[in-house]
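Here is how the chains run, residue by residue.
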Amino acid sequence: MNLQSLIADHFRLTEAERKGLKKLGIETAEDMLSHFPSRYGSVSEMRTIAHLAQGENSTVFGRIAKLEARKAFRSKMALGTAELVDDTGKIKLIWFNQPYLAKMIPEGVLVRVEGKVSQKRKANEFYFSNPKIERVEKIPMSAEASLFGTESDAHHLHPVYPETRGVSSNWLFHAVQKIIKTGALDFVKDQIPADILKKYSLPSRKTALIWIHAPKKEGDARAARKRFAFEEVFLIQLQKQKEKKLWKSESAFAIEKTDAQIAKFTERFPFSLTRAQQRAIEAISTDFQKGTPMARLLEGDVGSGKTAVAAATAYAVVSSRPEGQSFGNLQVAYLCPTEILAKQQFENFISFFSHLPINIGLITSSGCRKFPSKVNPHGATDISRAQLLKWVGNGEIPVLVGTHSLIQKSVKFKHLAYAIIDEQHRFGVKQRKALVHKDKIVPHLLSMTATPIPRTLALTIFGDLDLTLLDEMPPGRKPVHTEIVLPNERDATYEKIRRELKNGRQCYIITPRIDEPDPAKEFAVQAKSAKAEAKRLKEKVFQEYEIAVMHSKLKDSEKESTMEDFKDGKIHILVSTSVVEVGVNVPNATLIIIEGAERFGLAQLHQLRGRVLRSAHQAHCFVFTESKGRAVAERLVALGKAKNGFELAEYDLEQRGAGELSGREQWGVSDIAMEALQNLKMVEAARAEAARLISEDDTLSRYPLLAQHLAARAEEKIHFE
Ligand code: ADP
Ligand code: MG
C-alpha cells in the first residue's frame, strides 16, 4: 500500500464499516494514519472477571449472554441487562435508558466492555452500570496474555481511537497496524524543514507516525503528539502570516487624527472611557496613520464597551478628507449579524454623532433609514434603498450601519476607509472579504468579538490579525451574582425567580438542546430541551407568565419577533438554546438560568451570563447541574471567581481534556492542535518560524512541500466557502 491507496481496495469492508469510515472522513491509507488516538489505555486495566475489584475502571473481554430489555419496576425507566462471561466467571451488565443497546448486540457475540465496577449494596455481587460496549472479532493477544496471567506486555500502551458506529477503536487499531506493516510509511515525506525539527527536538513525520500509533513508551507518544501539534499550528500560521503579508502590502487611506482630536469627541460621551478603551483607540489610531490597511481584532466581554471604541475611531475617519481633496469625508461601514443589532447600533451612532454634520445610514433587508431627517433634524427617517445607495455612492452618507445587505455588490461607497464587523464570529471569511474588497483601496478593518478564547488560540486562528483586548469593565457594574444550584434546590430557586418576576424583571432560561433526543436513535443524552422545558414550566411552575422558545431552527423573522416581544416585556421568560442572539440588549432581563451547565465550557457559560449584565438592577445567574462530580463542581466554582471571560477561557483550556474542547466544531482546528494550544511556548515558536519563512520568501520556493500544502489549503478554503 502507498499513502493514496484506498482503504476500500485493501480491506474487506462491511456496509457498517464503510459508513463509519465515511463519517470519520477516512478514505485513503493516509487518512487512516492521520486518524490519531485520542488517548492510550494501558493493558494493565484489562482484567479477567474473577479479578475485578469494586470501584476500578476496567476492561474485560467476553461473550454476551442473557440479554433482556424491560422497564424498571418503580421508575418505569427503560432498562437493559445482560451477562458477560469469560473463562473465569460472569458479571452483570446494566444499562439505564439505553434500550437500543439490546438491539445492537446479539447474544453469543464477543465483546469488549469498559466501565467502572460497582457492587450491589447487600449481595456480594459485582456489576457494570452503563459500561461502554463494543463487538470484537477476537480477544486481543494482550488480553489473552493477561488472561493466562503472563503479564509480559502488561504495560504496553494500547491506542484508543475516536470511534463511530460501525468502526470501533479496536478495528481502527488493527487496520492501522496492517497499513504500517505493508510499508506504507516509506512513502511519508516531511513538510517541516529539517532545521526546525532539529531546533525544537521534534521527531520526523515517519517516526512520529509510528510513535503515535504504536508507542513503546509514554514519552514516544508524547513526542509524536507534540510534533503533530506543532505541525498543525505551524501550517495554520504559515497561511495566516502569508495572508497578513499580502494584506499589509495593500495601500489604505492614511488618517491623521491626533489622540487629542479624538479625545475632544469622546469627551462628550456620557461616561469617561476605561483605560482599556483608551488603549484600544490609541492602537487603532496609530494603525490608521500608516497608509497600509489595519487588520485588528478587538476582543472584549459583553458590556466592555466595544461600541464606544468603534464610534471614537469611526469619528477619526469620517472627520478626515480623502487625500488631496478639500471636500467630502472618508466613509465607515459597520456590519452587524442581525437586524436587531443593526438597529441598535444605528441608534447608538446617532447619539454619538448627533452634534456633528454627519449623515448616518441604515441598510437591512427590511428597509433603509437615514439620520438626520430633512423635516426633523433630531430624528431618522425611512428612505428608499435607491436613494440610500445613491448617497452612499456619492459620499453624502459617511457612516453606513447594516446587516448582510451591506455587503451586497450593489452597495458602493465613494471612499470606504474603515470597515467594522460586530460579533465577527458570526461571519465567515467570505463576508469579510466581500466587505473589504469593495474598492481598489482597501479599508482598515476592525473585527469585534465577545467570544472569549484563550490567547494561544487567538494567536493561531486569528494569526493574520493584530490583537487588542478590552480586559476591563466600565466602573460601577455590579458583577452578576452567580449561584450553583443542586438538583434538590430547584424549587427554592424557582421561588426566588418568581419574586424577581413579580418585581417586573424578566428571565432567560438556557437549555443544552432544542428537542428531546430520540432514544432509539442517539446515545440518549439526559439533557433538557428548550421546547420540553418551556412546556413544563408553563404547565407546572410559572403558569401565570408568558413563556416563549428561541432556538436556531426558527426562521429569522420568528426569532426577531420573539426578541422584539421579549424586549417589549410581552414575554416574561425566554427559554432558549445557547446559540442565539449574544449581543442583544434587554436591560430588564436580569435573571438567567443555565440548565445542564456541565455541558458548557466555562467561557461559554460566562458569555451566556453576560446577557443579564445590562441593567442597574442586580443580576442573578443560576447554574443548574445534574452532575454530582467533584471536577464539575470545581469548574463551576471558577465561574463565580473569574474576573473576565479570557481568564475562564484559559482555565477551560487547562482543565478540560482535549476531546472535550471540540476544537474542530468550534474553531476548525483538530483535537491535537487544541493540545498544542495548551502550550504557549510551542505556539509562539510555530508562529515565529512561520513568520520567518514568510518574510524571507512568501512563495516558499525553497520549501516545495510547504508551498504545495498552502496552495491545497487555499483551494480547500475556496471550496468550503
Ligand atoms: P459591548 O462590548 O458588549 O458591545 P457596549 O458597547 O454595548 O458593549 O457597551 C455596553 C454598555 O456600557 C453601553 O450601555 C455603553 O453605553 C456602556 N459603556 C461603554 N463604555 C463605558 C464606560 N467607559 N463607562 C461606563 N459605561 C460605558
Ligand atoms: Mg456589542
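Note that the structure is predicted; figures quoted are calculated from it, not measured.

1. Observations concerning the overall build of the chain
In terms of regular secondary structure, the chain is built from 26 helices and 23 strands. Rg of the C-alpha trace for the chain: 29 Å, near the compact-globule value of 27 Å for 721 residues, within the 12% margin. Along the first, second and third principal axes, the C-alpha atoms of the chain reach 90 × 70 × 40 Å. When burial is assessed residue by residue, the chain has 51% of its 721 residues classed as buried. Pairs at least 24 apart in sequence give 71% of the contacts found in the chain among residues at least 6 apart.

2. Observations concerning the site of ligand 1
Taken together, 15 residues surround ligand 1, and among them Q277, G303, K306, T307 and R477 come closest. The backbone of S304 places a nitrogen or oxygen atom 3.4 Å from an oxygen atom of ligand 1. Separating an oxygen atom of ligand 1 from a side-chain N or O atom of T307 is a distance of 2.7 Å. In the complex, the protein chains occlude 76% of the 570 Å² of accessible area that ligand 1 would expose alone. Its residues assigned to classes, the shell around ligand 1 shows 4 nonpolar, 7 polar and 4 charged.

3. Considering the packing of aromatic side chains
Counted according to the given criterion, the structure contains 16 aromatic pairs. Where F265 meets F353, the ring centres are 5.1 Å apart and the plane angle is 45 degrees; that geometry is what we call tilted. Of the two residues, F265 sits in helix α10 (residues 259–266) while F353 sits in helix α13 (residues 339–353), which places them 88 residues apart along the sequence. Like F353, F265 is buried.

4. Here's the deal with the sheet that holds strand β21 (residues 573–576)
Sheets are built from strands that pair by backbone hydrogen bonding, the pairs being arranged parallel or antiparallel. Taken together, 6 strands build an open sheet; the order of strands is β18-β23-β22-β19-β21-β20 and the sheet is parallel. On the outer flanks of this sheet lie β18 (481–485) and β20 (547–550), each paired with one strand and no other. Strand-to-strand twist in this sheet, taken as the mean axis angle between neighbours without regard to direction, amounts to 20 degrees. Across the sheet, helix α18 (residues 530–541) is in contact with β19 (506–510), β20 and β21; its angle to β20 comes to roughly 175 degrees.

5. Brief notes about unusual backbone geometry
Here the residue pair F371 and P372 is connected by a cis peptide bond, since its omega of -10 degrees sits within 30 degrees of zero. With a phi close to 45 degrees, N130 is a non-glycine residue in the positive phi region. Following the sequence through the fold, N130 ends up in the loop between β6 (126–129) and β7 (132–135). Even without a glycine there, the phi angle at L700 is positive, about 55 degrees. In this structure, L700 sits in the loop between α25 (680–696) and α26 (704–720).

6. Description of the UniProt feature "domain: Helicase ATP-binding" (unreviewed entry) in the chain
UniProt marks residues 287–470 with the feature "domain: Helicase ATP-binding" (unreviewed entry), using the numbering shown here. In the segment residues 287–470, helix accounts for 29% and strand for 24%; the C-alpha atoms at its two ends are 17 Å apart.

7. Regarding the pattern of salt bridges
This model, assessed by the stated rule, comprises 32 salt bridges. The partner of D186 in a salt bridge is K206, and the shortest N-O contact between them spans 2.9 Å. One end of the pair, D186, is in the loop between α6 (169–181) and α7 (194–199); the other, K206, is in helix α8 (residues 205–213), with 20 residues separating them in the sequence. With relative accessibility at 33%, the residue K206 sits in the partly exposed group. With a shortest N-O distance of 3.9 Å, D195 and R692 are connected by a salt bridge. You can see D195 sitting in helix α7 and its partner R692 sitting in helix α25, a full 497 residues away along the chain. Here the salt bridges do not stand alone but share partners, grouping D195, K199, E689, R692, E696 and R702 into one network.

8. Looking at helix α15 (residues 429–436)
Along α15, the positions that sit buried rather than exposed are R432, L435 and V436. The buried residues of α15 occupy one face: seen down the axis, they fall within an arc of 85 degrees. Turning to α15, the residues buried within the fold contact α9 (218–248), β10 (331–335), β15 (416–421) and β16 (444–449).

Reading the values: rules and limits
Residues numbered from 1 in each chain as written. Chains lettered and ligands numbered in written order. Predicted model: local features only at pLDDT ≥ 70, side-chain atom pairs only at ≥ 80, totals over all residues. Heavy atoms only, no water. Helix = DSSP H or I, 4+ residues; strand = E, 2+ residues; numbered from the N terminus. Rg over C-alpha atoms; globule rule 2.2 N^0.38 Å. Buried < 20%, exposed > 50% of the residue type's maximum accessible area, 1.4 Å probe, protein only. Contact = heavy atoms within 4.5 Å. Near = heavy atom within 4 Å. Polar contact = N/O pair within 3.5 Å; in protein donor to acceptor, adjacent residues only side chain to side chain. Areas by Shrake-Rupley, 256 points an atom, 1.4 Å probe, with all protein chains shown as cover. Nonpolar A, V, L, I, M, F, W, Y, C, P; charged D, E, K, R; others polar. Phe/Tyr/Trp six-rings, centres within 6.5 Å; stacked < 30°, edge-to-face > 60°. Pairing = 2+ DSSP bridges. Axes fitted to C-alpha atoms, helices over the stretch in contact; angles between N-to-C directions. UniProt positions renumbered as here; feature names shortened; annotations may be inferred. Salt bridge = Lys/Arg side-chain N within 4 Å of Asp/Glu carboxyl O. Arc of directions from axis to C-beta.

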